[in-house]
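# Examination of the molecular architecture
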Amino acid sequence: MTAASPRVRAAVVGAGGIATVAHLPTLKAHEDRVEVVAIADVDADRLSAVAEEWDIPGRYSDVDTMLAAERPDLLVLCTPPVAHKDGVIKGLKAGAWVWCEKPPVLTLAEYDEVAAHEGESGPFASYVFQHRFGSGAQQLKQQVRDHTLGRPLVAVCHTLWYRTHGYYEVPWRGKWATEGGGPAMGHGIHQMDLLFEILGDWTEVTAVADALDRDVETEDVSLATVRFANGAMASVVNSVLSPREVSYLRFDFQDATVEVEHLYGYDNSSWTWTPAPHRAEDGSAAGWTPQENVPSSHKQQLSELLDAMAAGVRPRASGDDGRRVLEFIAALYESAETGRTVRRAEMKPEGTYYSAMHDPSFVYGSAENTAVSKETVQ
């Protein structure tokens, strides 16, 4: 923060849909703590329209000029994934804390390069994983810590979404160099992050992935089985081919099943706690559900980020805590492309899947990788 104002001075990079739908409303909701002083975008008309709509005084065509002129406390990155690494590093080097949209960056190597620019007590880079922050997830996480529901055994994590062929006409989508991956990277990352928030560290993954219907370089569907350090096992499906869309997680413990079903965000009504017969009979399931209803949202995550800034401590969804899901995605792609189980303990800061998410010799959607080629069914 600056001496001139008790509010955090925030600057936004990118005036596209995620900025106007999610980030600017979130910043506005915290206007008692945050002042949006500037916004940057390469599209002058879009920049002007969004700045006028949200009454943002500083308007810039590039990040460097904005950072030099405004010296914000917080930089909010709403750009396509290919621009994340450079944007985060520029913000950190300018002394700003950074809140960046998912996926954090395109590779583990980029993530580690960003982390090298963080200070011991800040500034830090944090990433948008808003599903961790709702009351349902927080309640369940505490129950896992307290062993309230018994040992975790089985989990399901499904991101079954639908994206049209036209969706991929946007030049940066569906390409390794600019999006970093398909639905595992750009869509299911939220649900998978929540899976790890509840069950903790994963230890190995076995996966398949392919492009079955969309005209993309990346996959359009992936399936994986995962083992966790606590002994639990999970199935993970990420798809952009599913007309009836749903985001669904299920956790089976010794004493209960806990489920959340939603699409892009949940509140307490999205969650269900079902006791095992022996717990239903003894009445001990009373009080399992959260009392306060806090939806999963950018708003709740920003609130915690602002608290961390005020305290000068690393926020959640940052550092190693933010890296875990990206590491899993790299392992998922490695397993899918090599046909072998990938163990977390064997992953090293080198090689193909550290500096990239993809081996170019593996072609998604090819007859060699797809049981029934697309030409056969068309």
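Above: the structure in question.
Nothing here was measured: the structure is a model prediction, and the numbers come from that model.

Let's shift gears to the side chain of His 131. Locating His 131 in the fold gives a position in the loop between strand 6 (125-127) and helix 6 (135-146). Beyond its immediate chain neighbours, meaning those up to four positions away, His 131 contacts Ala 137, His 190, Gln 191, Leu 194, His 262, Tyr 264, Gly 265, Tyr 266 and Ser 296.

Our focus in this paragraph is the pattern of salt bridges. Inspection of every chain in the model, using the stated rule, returns 28 salt bridges. With its nearest N and O atoms 3.1 Å apart, the salt bridge here joins Asp 64 to Lys 90. One end of the pair, Asp 64, is in helix 3 (residues 63-70); the other, Lys 90, is in helix 4 (residues 84-93), with 26 residues separating them in the sequence. For Lys 90, a relative accessible area of 32% puts it in the partly exposed group. Taking the shortest distance from any N to any O, the salt bridge between Glu 204 and Arg 343 comes out at 3.6 Å.

Attention now goes to the environment of Gly 231. Tracing the chain through its elements places Gly 231 in the loop between strand 9 (221-228) and strand 10 (233-239). Sequence separation between Gly 231 and Leu 24 is 207 residues; the distance between their C-alpha atoms is 41 Å.

In this section: the nonpolar core. Counting 81 residues, the largest nonpolar core has Leu 140 and Leu 195 as the members making the most contacts within it. With nine residues, helix 12 (residues 319-338) is the largest single contributor of residues to this core. Not counting chain neighbours up to four residues away, the residues in contact with Leu 195 comprise Ala 155, Cys 157, Gly 200, Phe 228, Ala 234, Val 236, Leu 249 and Phe 251.

If you trace the eight strands from one edge of the open sheet to the other, you get 13-12-11-7-10-9-8-14, paired in mixed fashion. A single partner strand is all that each edge strand has here, and the edge strands are strand 13 (271-275) and strand 14 (342-343). Pairing of strand 7 (residues 152-162) with strand 10 involves seven bridges; the strand directions are parallel. Residue pairing in the sheet places Cys 157 in a bridge with Val 236 of strand 10. Packed on one face of the sheet, helix 9 (residues 189-199) meets strand 7, strand 8 (202-210), strand 9, strand 10, strand 11 (241-253) and strand 12 (256-262) and runs near 165° to strand 7.

Here the structure, examined in full by the defined rule, presents twelve aromatic pairs. Note on Trp 97 and Phe 124: the rings are 5.3 Å apart at their centroids and 90° apart in plane angle, and the pair reads as edge-to-face. Residue Trp 97 is located in strand 5 (residues 97-100), and its partner Phe 124 is located in the loop between helix 5 (108-115) and strand 6; the two are separated by 27 residues in the primary sequence. The buried category is assigned to Phe 124, whose relative accessible area is 3%. Aromatic ring contacts, followed pair by pair, group Trp 176, Tyr 333, Phe 362 and Tyr 364 into a single cluster. A cation sits over an aromatic face here: Arg 163 above Tyr 167, 5.5 Å from the ring centre. Above the face of the Tyr 167 ring, Arg 173 is positioned so that its terminal group lies 3.9 Å from the ring centre.

Its boundaries defined by the atoms lining it, the largest pocket holds a volume of some 1,000 Å³. As for the largest pocket, its lining consists of 40 residues, of which Ile 18, Cys 78, Thr 79, Glu 101 and Trp 172 are closest to the centre. In the lining of the largest pocket, the residues fall into 18 nonpolar, 13 polar and nine charged. Within this model, the second largest pocket holds a volume of roughly 260 Å³. Forming the boundary of the second largest pocket are Arg 7, Leu 24, Leu 27, Lys 28, Glu 31, Val 34, Glu 35, Val 36, Trp 54, Asp 55, Ile 56 and Pro 57.

As for its placement among the helices and strands, Gly 136 is situated in helix 6. Along the backbone, Gly 136 and Ala 83 are 53 residues apart, and their C-alpha atoms lie at a distance of 33 Å. Aside from chain neighbours lying at most four places away, what touches Gly 136 is Tyr 266, Asn 268, Trp 271, Trp 273 and Pro 290.

About the cut-offs
Residues numbered from 1 in each chain as written. Predicted model: local features only at pLDDT ≥ 70, side-chain atom pairs only at ≥ 80, totals over all residues. Heavy atoms only, no water. Helix = DSSP H or I, 4+ residues; strand = E, 2+ residues; numbered from the N terminus. Contact = heavy atoms within 4.5 Å. Salt bridge = Lys/Arg side-chain N within 4 Å of Asp/Glu carboxyl O. Buried < 20%, exposed > 50% of the residue type's maximum accessible area, 1.4 Å probe, protein only. Core = buried A, V, L, I, M, F, W, Y, C linked by side-chain atoms within 4.5 Å. Pairing = 2+ DSSP bridges. Axes fitted to C-alpha atoms, helices over the stretch in contact; angles between N-to-C directions. Phe/Tyr/Trp six-rings, centres within 6.5 Å; stacked < 30°, edge-to-face > 60°. Lys NZ or Arg CZ within 6 Å of the ring centre and 35° of its normal. 1 Å grid on protein atoms, 1.4 Å probe; cavity = no way out; pocket = protein on both sides within 12 Å on 5 of 7 lines; lining within 4 Å. Points joined across faces, edges and corners; volume = space filled by probe spheres on them. Nonpolar A, V, L, I, M, F, W, Y, C, P; charged D, E, K, R; others polar.

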